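Structural overview
This is what each chain is made of:
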Amino acid sequence: MIFKYDVLSKVMQEDKTIEINKDSCIKKIAGLSGVEYDVRSSNRHDYFVFLPLNDDEGLVISTDNHTELGFELLRTPKKEFFLSINTNINLVDYYDGPGTQTDFPDVLEQEELDQNYNHCYGASDQALKETKLYQQVDNCVSKYLRVDAKLEEKLNLVIMRLAFLAHSQRQHAVA
């Protein structure tokens, strides 16, 4: 099944869930402009957050709670981006069209998430910006990306929020 950006944006705007099958769905990520592909039986979550650059182009920040591969940032035309879901094995892939991809495999380590989870999960933007973790993410983003300060701040906060969301759902599976 193919889900283009225009369909995914409606999921975000209308906060509606698309049931793929009895075990999986695409739903809005609370508090972020993004979607989550959720496979219930295996507690597998894939996250895609969208930050617009202009009317035609955007950034997609992608991660999950099961591979520990870190984050991918994709700069892509919105109309080219889509999720492809294999309903037989509940596997998601994406196509981002022409654009650039930047990988951040170790911007935040598991140990750091464990140590800072209680303080940072659900914290305000301002509280997050005052942490050492935020400075660490900011150093990484500013080193590898050339974006304006406002977009850089948004990226830093999205990466932190997604990291803690994935961590919380990973911990939920262990409990």
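Residues numbered from 1 in each chain as written. Predicted model: local features only at pLDDT ≥ 70, side-chain atom pairs only at ≥ 80, totals over all residues. Heavy atoms only, no water.

1. Some thoughts on helix H4 (residues 132-144)
Its 13 residues give H4 an end-to-end C-alpha distance of 19 Å, which sits within 8% of 18 Å, the value for a rise of 1.5 Å per residue. Listing the buried residues of H4 in full gives Leu133, Tyr134, Val137, Asp138, Cys140 and Val141. The arc that holds the buried residues of H4, viewed along the axis, is 165 degrees, so those residues lie on one side. Exposed positions of H4 whose direction lies more than 90 degrees from the buried face are Lys132, Asn139 and Lys143. (Helix = DSSP H or I, 4+ residues; strand = E, 2+ residues; numbered from the N terminus. Expected span 1.5 Å × (residues − 1). Buried < 20%, exposed > 50% of the residue type's maximum accessible area, 1.4 Å probe, protein only. Arc of directions from axis to C-beta.)

2. Examining the packing of aromatic side chains
Summed over all chains, the structure comprises eight aromatic pairs. Where Tyr5 meets Phe50, the ring centres are 5.2 Å apart and the plane angle is 75 degrees; that geometry is what we call edge-to-face. Here Tyr5, found in helix H1 (residues 5-14), pairs with Phe50, found in strand E5 (residues 44-52); they are 45 residues apart in sequence, far enough to count as distant. On the numbers, 6.1 Å between centres and 75 degrees between planes, the contact of Phe48 with Tyr94 is edge-to-face. With Phe48 in strand E5 and Tyr94 in strand E9 (residues 91-95), the pair connects residues that are 46 residues apart, well separated along the chain. Through pairs of rings, three or more aromatic residues link up here, namely Tyr5, Phe48, Phe50, Phe81 and Tyr94. (Phe/Tyr/Trp six-rings, centres within 6.5 Å; stacked < 30°, edge-to-face > 60°.)

3. Side note on the pairing of E9
On E9, burial follows the alternation: Val92 and Tyr94 on one face are buried, whereas Leu91, Asp93 and Tyr95 on the facing-out side are not. Strand direction decides the pairing type here: strand E8 (residues 82-86) and E9, joined by five bridges, are antiparallel. From the neighbouring strand, Asn86 faces E9, where its bridge partner is Leu91. Taking the residues between adjacent antiparallel strands as the criterion, E8 and E9 are bridged by four residues, where Asn90 takes a positive phi near 50 degrees. (Pairing = 2+ DSSP bridges.)

4. Concerning the nonpolar core
Core analysis: the largest hydrophobic core is formed by 33 residues, its most contacted members being Ile61, Phe71, Leu155, Ile159 and Leu162. Of all the secondary-structure elements, those providing two or more residues to this core are E5, strand E6 (57-64), strand E7 (71-77), helix H2 (110-120), H4 and helix H5 (149-174). Not counting chain neighbours up to four residues away, the residues in contact with Ile159 comprise Ile61, Phe71, Leu73, Val107, Leu108, Val137 and Val141. Core analysis: the second largest hydrophobic core is formed by 19 residues, Met12, Val39, Leu74 and Val92 among them. (Core = buried A, V, L, I, M, F, W, Y, C linked by side-chain atoms within 4.5 Å. Contact = heavy atoms within 4.5 Å.)

5. A look at the sheet that holds strand E3 (residues 24-28)
Spatial ordering of the open sheet is given by E2-E3-E4-E5-E6-E7-E10, a layout of seven strands whose pairing is antiparallel. The open sheet is flanked by strand E2 (18-21) and strand E10 (100-104), the only strands paired with a single partner. Sheet twist, expressed as the mean angle between neighbouring strand axes with direction ignored, is 20 degrees. Here E7 runs beside E10; their pairing, made up of five bridges, is antiparallel. Counterpart to Leu73 in the pairing with E10 is Thr102. Contacting E2, E3, strand E4 (34-39) and E5, H1 runs over the sheet at an angle of about 65 degrees to E3. (Axes fitted to C-alpha atoms, helices over the stretch in contact; angles between N-to-C directions.)

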